[in-house]
Amino acid sequence: MNVILLGPPGAGKGTQAKLLEERHGMVQLSTGDMLRAAVKAGTDVGKIAEDIMKRGDLVPNDVVVSIISDRIDQPDAKRGFILDGFPRNVAQAEALDAMLEKKGLKLDHVIQMEVDDEALVERITGRFTCGNCGAGYHDRFKPTKVAGVCDVCGSTEMVRRADDNETTVRSRLATYHKETAPLLPYYKKRGNLVQLNGMAPMDQVAEEIKTVLAADQRLSG
Ligand code: ADP
Ligand code: ADP
Ligand code: ZN
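Residues numbered from 1 in each chain as written. Chains lettered and ligands numbered in written order. Predicted model: local features only at pLDDT ≥ 70, side-chain atom pairs only at ≥ 80, totals over all residues. Heavy atoms only, no water.

1. Considering the site of ligand 2
Inference 1: In the vicinity of ligand 2 there are 17 residues, among which Gly-10, Gly-14, Thr-15, Arg-127 and Tyr-137 approach most closely.
Inference 2: At 2.8 Å from a nitrogen atom of ligand 2 is found a main-chain nitrogen or oxygen belonging to Ala-200.
Inference 3: The contact in question runs from a nitrogen atom of ligand 2 to an N or O atom on the backbone of Met-202, over 3.3 Å.
Inference 4: In isolation ligand 2 offers 570 Å² of accessible surface; the protein chains occlude 91% of this area.
Inference 5: Looking at the shell around ligand 2, the elements with two or more residues in it are helix H1 (13-24) and strand E6 (136-138).
Inference 6: A per-element tally of the shell around ligand 2 places H1 first, with 3 residues.
Inference 7: Looking at the shell around ligand 2 residue by residue, the class counts come to 8 nonpolar, 6 polar and 3 charged. (Near = heavy atom within 4 Å. Polar contact = N/O pair within 3.5 Å; in protein donor to acceptor, adjacent residues only side chain to side chain. Areas by Shrake-Rupley, 256 points an atom, 1.4 Å probe, with all protein chains shown as cover. Helix = DSSP H or I, 4+ residues; strand = E, 2+ residues; numbered from the N terminus. Nonpolar A, V, L, I, M, F, W, Y, C, P; charged D, E, K, R; others polar.)

Quick look at the structure:
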């Protein structure tokens, strides 16, 4: 099963994608994570993306379309993938359609998480992750059990994203409303859009996603 998790920055896409990986063996494909890895490694893609990401603008379509296409071709994506942060505009959605058709794959569900802008700012400015294993946390909504120590791997290397500050968040939200929100009518027309209340607690959102996916016989676990 292949799904898109759609929602503004901070909606909980990464959180839910990681739960789907753990519980259902699917694979999270996050263009944001891939771009951050490219920036860190100093690749050509990273050099293009770095300043754009700092501003909260979108990286050029051809760049993200190409990295997603290559990633989908890797063997683990056959288990079913969760697109997190892609597509982000109508041109990317059209490129995804063409790409999936060419690869003989289909999209089963587009799941959108709706969250108020003010709640998003609070979520993003309190977000941090474990630099060792990637586990996600929040100062208020999901603190580590022991301050500064990862619950999962015990690492004390906690990282905050350079673009998770209030100024860049406002710009990312504006980009979302202008560029990404038009994907809602795009997928609604196709009949595979499901809209969930992303303001609910994480476990409740996870249950709702599970219900959507469980309607599909191919879900394991
Ligand atoms: P969030 O998890 O907060 O939604 P992401 O990690 O998905 O943020 O994205 C971080 C940044 O990476 C974006 O602000 C944008 O600059 C870039 N980016 C990620 N995915 C895409 C995409 N599909 N198209 C263009 N730019 C992207
Ligand atoms: P996205 O990938 O959509 O940008 P994340 O999954 O990284 O969003 O979530 C943003 C922040 O909000 C994280 O710190 C996460 O722990 C927290 N968070 C995620 N889902 C919820 C929720 N349902 N309620 C409260 N906080 C949440
Ligand atoms: Zn960890």
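The discussion continues.
2. Details of helix H5 (residues 90-103)
Inference 1: End to end, H5 covers 20 Å across 14 residues, agreeing with the expected 20 Å (1.5 Å per residue, within 8%).
Inference 2: Where H5 is concerned, the buried positions are Gln-92, Ala-93, Leu-96, Met-99 and Leu-100. Mapping the buried residues of H5 onto a view down its axis gives an arc of 125°, with all of them on the same face. When the buried face of H5 is taken as reference, the exposed residues oriented beyond 90 degrees from it are Glu-101 and Lys-102.
Inference 3: Of the residues trailing H5, Gly-104 is marked for its positive phi of about 70°. (Expected span 1.5 Å × (residues − 1). Buried < 20%, exposed > 50% of the residue type's maximum accessible area, 1.4 Å probe, protein only. Arc of directions from axis to C-beta.)

3. Regarding the pairing of strand E3 (residues 81-84)
Inference 1: Side-chain alternation along E3 places Phe-81 and Leu-83 on one buried face and Ile-82 and Asp-84 on a second face that is also buried.
Inference 2: Pairing of strand E1 (residues 3-6) with E3 involves 3 bridges; the strand directions are parallel. In the sheet register, Val-3 faces E3, and the bridge partner there is Ile-82.
Inference 3: Where strand E2 (residues 27-30) meets E3, 4 bridges bridge the pair, whose relative direction is parallel. Among the inter-strand pairings, Gln-28 is bridged to a residue of E3, identified as Ile-82. (Pairing = 2+ DSSP bridges.)

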